[in-house]
Amino acid sequence: MDTTHYSGELTMTVGYIPLVDLAAQHAEIADELMPELNRVLSTASYVGGPDVAAFEEEYASYCGVSHCVGLASGTDAVELALRAVGVGPGDEVVIPANTFIATAEAVVRAGGHPVLADVEPDTLLLSAEQVARVVTSRTKAIIPVHLFGQIADMTSLAEVAAGAGVAIIEDGAQSQGATQHGRRSGSFGVVAATSFYPGKNLGAAGDAGAVTTNDPALAAAARLLGNHGSRVKYVHEGIGFNSRLDTVQAVVLRHKLRRLEAWNARRRVLAARYDELLADRGEVVLPATRPGNEHVWHLYVVQVDRRTEVLQHLHEAGIGAGIHYPYPLHLTPAFRHLGHTPGDFPVSESAAERILSLPLYPHLCDDQQDRVVEELTRAVDRSPVRI
Ligand SMILES: Cc1ncc(COP(=O)(O)O)c(C=O)c1O
């Protein structure tokens with residue numbers, strides 16, 4: 001599919017420029033999706049069924065693995081992946097200090113103990129070097145988070161994991177379609193989790209998630225856990241959860257999966273355009289891509305000084321820029337009990353004060369993007385001294 005038509009057909013000057021435009025995404029697929037949704041609603045097949053099975057097969061094939069298990073959310077997917085691998089009370093799980101809280105929540109919910117490691121200064125992804133420093137005999141798993149749309153350094157992380165004899169579980173919530181040396185996100189770990197939260201590159205019309213794996217035993221364990229510990233109706237082999245993919249969500253995801261490559265390609269065009277338009281702005285530090293990575297730009301994250309003022313200017317100018325995320329995990333109240341203090345993870349801390357996510361989504365028009373660049377330029381040019 002030719003993705004360049006997005007900027008042609010949709011070129012217009014609109015007022016507010018959101019961080020992400022899900023209504024535009026729906027408008028593109030509405031004609032083909034709505035009859036399908038009518039079919040599901042009128043046949044009253046709401047949980048599981050052939051649509052869910054078809055999506056699981058298609059998504060597994062897309063990721064290049066043999067199994068996909070649809071679940072109710074990405075947070076559940078991380079937790080069930082951990083439980084499937086056998087993480088439980090007393091087990092340490094190494095995660096980046098710079099991630100969305102769900103990665104850490106899932107570790108705690110599985111009964112494990114999150115151990116934080118700092119990230120690489122250029123990509124802000126989990127640093128294998130830092131992981132190696134915190135791995136102990138109690139470590140059971142490492143969770144690289146493919147933050148912002150690109151895959152963490154899986155070669156080095158796999159070496160650390162192999163040396164310690166621990167499992168790698170990917171958190172690919174932000175990286176559907178990303179590759180590293182041609183291999184897809186979701187195919188590196190013994191098991192991988194992903195989120196189909198609406199704003200993700202592949203997003204449902206509500207909460208949804210999945211695990212992917214080449215290991216049939218891990219897939220079966222996740223499926224069992226997500227279905228009340230039951231394979232056969234009313235025969236419960238253990239205590240599980242209610243975490244299944246709704247049929248409606250599977251139908252939405254099947255339609256969007258067919259467009260994911262084109263949508264990711266358009267994201268890459270827009271990211272390259274930001275790179276080019278902002279290249280001469282020394283005050284704006286541009287995001288770096290790891291060698292060997294094909295980025296899918298879930299978020300385009302720059303770094304600036306005086307971030308609060310810059311963000312305020314953008315908001316006043318009608319631009320929905322955001323921050324992902326304003327607090328590293330160790331400075332988040334929910335994880336104060338880990339006992340860390342400011343200065344423990346300097347790269348994550350410095351990034352949290354400087355990062356700024358600019359609007360980037362497949363339906364963003366070139367002239368909207370020009371306006372973002374113009375306003376960002378204006379914001380960073382403003383005198384830092386205010387009397
Ligand atoms: C890195 C990361 N991990 C996990 C999750 C959790 O996914 P969900 O919101 O579907 O539970 C998210 C979602 O925002 C995420 O960004």
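Before reading further, recall that the structure is shown in the block above.
Given the structure is predicted, the values throughout are model-derived calculations rather than measurements.

J.: Account for the nonpolar core, naming residues and giving values.
T.: In terms of nonpolar packing, the biggest core is built from 62 residues, with L82 and I143 touching the most fellow members. The greatest single-element share of this core, amounting to seven residues, is contributed by helix α4 (residues 74–85). Discounting chain neighbours no more than four positions away, the residues touching I143 are V78, L82, V93, V94, I95, P96, T103, V107, L126, I169, E170 and D171. Counting residues in hydrophobic clusters, the runner-up holds 25 residues, among them L270, A271, L356 and L358.

J.: Describe the sheet that holds strand β7 (residues 183–184), naming the residues involved and giving the relevant values.
T.: Reading across from one edge, β7-β6-β12 is the order of the three strands in this open sheet, with antiparallel pairing throughout. The open sheet has two edge strands with one neighbour each: β7 and β12 (293–294). Here strand β6 (residues 179–180) pairs with β12 via two bridges, running antiparallel. Note that in β12 the partner of T179 across the bridge is E294.

J.: For the sheet that holds strand β8 (residues 191–195), give the residues involved together with the corresponding values.
T.: Spatial ordering of the open sheet is given by β1-β9-β8-β5-β4-β2-β3, a layout of seven strands whose pairing is mixed. Of all the strands in the sheet, the pair left with one neighbour each is β1 (67–71) and β3 (113–117). Shown here is a sheet whose adjacent strand axes are inclined to one another by a mean of 25°, direction ignored. Of the pairings in the sheet, the one linking β8 to strand β9 (residues 209–213) comprises four bridges and is antiparallel in character. Among the inter-strand pairings, T194 is bridged to a residue of β9, identified as A210. Taken strand by strand, helix α3 (residues 50–63) contacts β1, β8 and β9, and its axis lies near 130° from that of β1. Strand contacts of helix α7 (residues 154–164): β4 (139–142) and β5 (167–171), with the helix running at about 145° to β5, the strand carrying the most contacts.

Parameters at a glance
- Going along each chain's sequence as written, the residues are numbered from 1 onward.
- The predicted origin of the model limits local features to residues at a pLDDT of at least 70 and limits the giving and counting of side-chain atom pairs to 80 or more, whereas totals for whole chains, interfaces and linings rest on all residues.
- Neither water nor hydrogens contribute to the side-chain values; these are computed over all heavy atoms in the structure.
- Take the buried residues of types Ala, Val, Leu, Ile, Met, Phe, Trp, Tyr and Cys, join any two whose side-chain atoms come within 4.5 Å, and each joined set is a nonpolar core.
- Partly exposed residues are those whose accessible area sits between 20% and 50% of the maximum for their type, while under 20% is buried and over 50% is exposed, using a 1.4 Å probe and protein chains only.
- What counts as a helix is a DSSP run of H or I of at least four residues, what counts as a strand is a run of E of at least two, and both are numbered from the N terminus.
- Throughout, a residue-residue contact means that at least one pair of heavy atoms, one from each residue, lies within 4.5 Å.
- A pair of strands is labelled paired if DSSP reports no fewer than 2 bridges between them.
- Angles here are taken between N-to-C directions and fall from 0 to 180 degrees, while the axes themselves are lines fitted to C-alpha atoms, restricted in helices to the stretch in contact.

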